[in-house]
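Notes for the structure review
Each chain is listed here by its residues.
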Amino acid sequence: MCHVIVTCRSMLWTLLSIVVAFAELIAFMSADWLIGKAKPSSSEDVDNRTGGSQEPYHPTLGIYGRCTRISHMQLARRDTLCGPYAENFNEIASGFWQATAIFLALGIMILCAMAFVSVFTICVQSIMKKSIFNVCGLLQGIAGLFLILGLILYPAGWGCQKAISYCGPYASAYKLGDCSLGWAFYTAIGGTMLTFICAVFSAQAEIATSSDKVQEEIEEGKNLICLL
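Every chain's residues receive numbers from 1 upward, in the order its sequence appears when written. With pLDDT at 70 or above as the cut-off, local features in this predicted model cover only qualifying residues; side-chain atom pairs require 80 or more to be listed or tallied, and sums for whole chains, interfaces and linings still use all residues. Where side-chain values are given, they derive from all heavy atoms of the structure, hydrogens and water being excluded.

**Remarks on the overall build of the protein chain**
Runs of H or I in DSSP of at least four residues are treated as helices and runs of E of at least two as strands, each being numbered from the N terminus. A tally of regular secondary structure across the protein chain gives six helices and nine strands. Using a 1.4 Å probe on the protein chains alone, a residue whose accessible area is under 20% of its type maximum counts as buried, one over 50% counts as exposed, and one in between counts as partly exposed. Out of the 228 residues in the protein chain, the part that is buried amounts to 39%. Any two residues whose heavy atoms approach within 4.5 Å at even a single point are treated as in contact. A sequence separation of at least 24 residues applies to 68% of the contacts in the protein chain between residues at least 6 apart. Each accessible area value is a Shrake-Rupley result obtained with a 1.4 Å probe; residue values ignore everything except the protein chains displayed when judging cover. With an accessible surface of roughly 12,500 Å², the protein chain has 65% of that area assigned to carbon and sulfur atoms.

Shown next as structure tokens:
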């Protein structure tokens, strides 16, 4: 019989697992890993209404995508265009970034799978006498290791020609040149830290759902068990 067991610690672990998976996925898909050096407005970008030049803008570069500004001379406006610069895996700018993409993708797939499984732990807490919380925690730890490998390798690709075109000639491996790090990189780091917190906290979720109070509720014949 399925017993629905809801505790503060198990729900917190579930929510954290979902947040981490989404955070890493959004960071991976974003083009805001590197913020390029400021591009001055060209003579064509003069604002016809004010007679003044527009503010310089900063193009951004991701692992496989980029954002840049396109001018519409006839409409006297400019739009930011974002999309992948690489049409396939082999066109990713650096071999290090290709490795980063692989490790991050592996980690994110595991995290998404664990986030999906975590939703069902309120009803199913074990499979074949193995705690789902402990298994998920182990896999989340493995996913965290994949994410760390990807983030370590990523700066090694700053010396590729694509990065140099955004960050200037002084950019090289582990040296940003004229670029700065974007929110996506920091989100990936924060998500990696939270991944290990999830892995550790899964043990607390297991303890909460197998406590003596829960067992007493089950023995009383209750199918819905909610505990602090």
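From this point, the discussion proceeds with the structure in view.
**Observations regarding the environment of Ala-184**
Tracing the sequence through the fold places Ala-184 in helix H5 (residues 183-209). Owing to a relative accessible area of 0%, Ala-184 belongs among the buried residues under this scheme. Taking C-alpha positions, Ala-184 is 5.4 Å from Asp-32, a pair spaced 152 residues apart along the chain. Sequence-distant contacts of Ala-184, that is, excluding residues within four places in its chain, are made with Ala-27, Ser-30, Asp-32 and Trp-33.

**Concerning the nonpolar core**
Among the nonpolar cores identified, the biggest contains 40 residues, and Trp-33, Leu-34, Ile-63, Trp-97 and Tyr-154 are the most heavily contacted of them. Of all the elements in the fold, those that place two or more residues in this core are helix H1 (8-29), helix H2 (95-119), helix H3 (132-153), helix H4 (161-167) and H5. It is H2 that contributes the most residues to this core, eight residues altogether. Residues within four places of Trp-97 in sequence aside, it is in contact with Leu-34, Leu-61, Gly-62, Ile-63, Tyr-85, Ile-92, Tyr-154, Gly-157, Trp-158, Cys-160 and Ala-163. By nonpolar core is meant a set of buried Ala, Val, Leu, Ile, Met, Phe, Trp, Tyr and Cys residues that side-chain atoms within 4.5 Å join together.

**Regarding the environment of Ala-105**
By secondary structure assignment, the location of Ala-105 is in helix H2. Spatially, the C-alpha atoms of Ala-105 and Leu-147 are 8.5 Å apart, while their sequence positions differ by 42 residues.

**Some points on the packing of H1 against H3**
Two elements in contact, H1 and H3, have axes whose closest approach is 13 Å; the angle formed by their N-to-C orientations is 25 degrees. The angle between the axes of H1 and H3 places the two elements in the roughly parallel class. The crossing of H1 and H3 is left-handed. In this structure, H1 uses Ser-10, Trp-13, Ser-17 and Glu-24 to contact H3, whose residues at the interface are Phe-133, Cys-136, Gln-140 and Leu-147. Classification convention: Asp, Glu, Lys, Arg as charged; Ala, Val, Leu, Ile, Met, Phe, Trp, Tyr, Cys, Pro as nonpolar; all other residues, Gly among them, as polar. Looking at side-chain class alone, the contact of H1 with H3 contains four nonpolar, three polar and one charged residues. To obtain each axis, a line is fitted to C-alpha atoms, and for helices this fit is confined to the stretch in contact; angles are then taken between N-to-C directions over 0 to 180 degrees. Between 65 and 115 degrees an angle is taken as roughly perpendicular, under 35 as roughly parallel, over 145 as roughly antiparallel, and anywhere else as oblique. Left-handed is the label given to a crossing in which the near helix is rotated counterclockwise from the far helix by less than a right angle, and right-handed is the label when the rotation is clockwise.

**Observations concerning the packing of H1 against H2**
Close contact between H1 and H2 brings their axes to 8 Å; oriented N to C, the two are set at 150 degrees. The pairing of H1 with H2 is recorded here as roughly antiparallel in orientation. Crossing geometry of H1 relative to H2 is assigned as left-handed. For the pair H1 and H2, the contacting residues are Trp-13, Thr-14, Ser-17, Ile-18, Val-20, Ala-21, Glu-24, Leu-25 and Phe-28 in the first and Ala-101, Leu-104, Ile-108, Leu-111, Cys-112, Ala-115, Ser-118 and Val-119 in the second. Residues of the contact of H1 with H2, tallied by class, amount to 13 nonpolar, three polar and one charged.

**Overview of the state of the cysteines**
What counts as a disulfide here is a pair of cysteine sulfur atoms lying within 2.5 Å. Under the defined criterion, the tally for this structure stands at two disulfides. Covalent S-S linkage joins Cys-67 and Cys-82, the inter-sulfur distance amounting to 1.8 Å. What sets the handedness of the Cys-67 and Cys-82 disulfide is the S-S torsion sign, and at about 115 degrees it is right-handed. Placement of the pair is Cys-67 in strand E4 (residues 65-72) and Cys-82 in strand E5 (residues 77-84), with a sequence separation of 15 residues. One disulfide bridge connects Cys-167 with Cys-179, the sulfur atoms lying 1.8 Å from each other. What sets the handedness of the Cys-167 and Cys-179 disulfide is the S-S torsion sign, and at about -90 degrees it is left-handed.

**So, the confidence of the model for the protein chain**
In low-pLDDT regions, the fine details of the predicted coordinates are not to be read closely. Model confidence for the protein chain is summarised by a mean pLDDT of 84, while 85% of its residues fall at 70 or above. You can read pLDDT as the predictor saying how much it trusts each residue, on a scale of 0 to 100. Low pLDDT, under 50, characterises residues 73-77; the predicted model gives this stretch five contacts beyond four residues in sequence or across chains.

**Quick word on the environment of Pro-169**
For Pro-169, the position within the fold is in the loop between H4 and strand E8 (180-181). Taking the C-alpha atoms as reference points, Pro-169 and Gly-159, separated by 10 residues in sequence, lie 9.0 Å from one another.

**Concerning H3**
Taking 1.5 Å per residue as the helical rise, H3 with its 22 residues ought to reach 32 Å, and the 32 Å between its terminal C-alpha atoms agrees with that figure. Contact partners of the buried residues in H3: H1, H2, strand E6 (126-127), strand E7 (130-131) and H5. Where H3 begins, the side chain of Ser-131 points an oxygen toward the backbone nitrogen of Phe-133, at a separation of 3.3 Å. Take the number of residues in a helix, subtract one, and multiply by 1.5 Å to get its expected span. Side-chain atoms alone can form a polar contact between residues adjacent in sequence; in general such a contact is a pair of N or O atoms within 3.5 Å, and within protein one must be able to donate a hydrogen while the other accepts it.

**With respect to unusual backbone geometry**
Of all residues except glycine, most have a negative phi; of all peptide bonds, most are trans. Of note in the backbone geometry, Tyr-174 takes a positive phi value of approximately 65 degrees without being a glycine. Within the secondary structure layout, Tyr-174 lies in the loop between H4 and E8.

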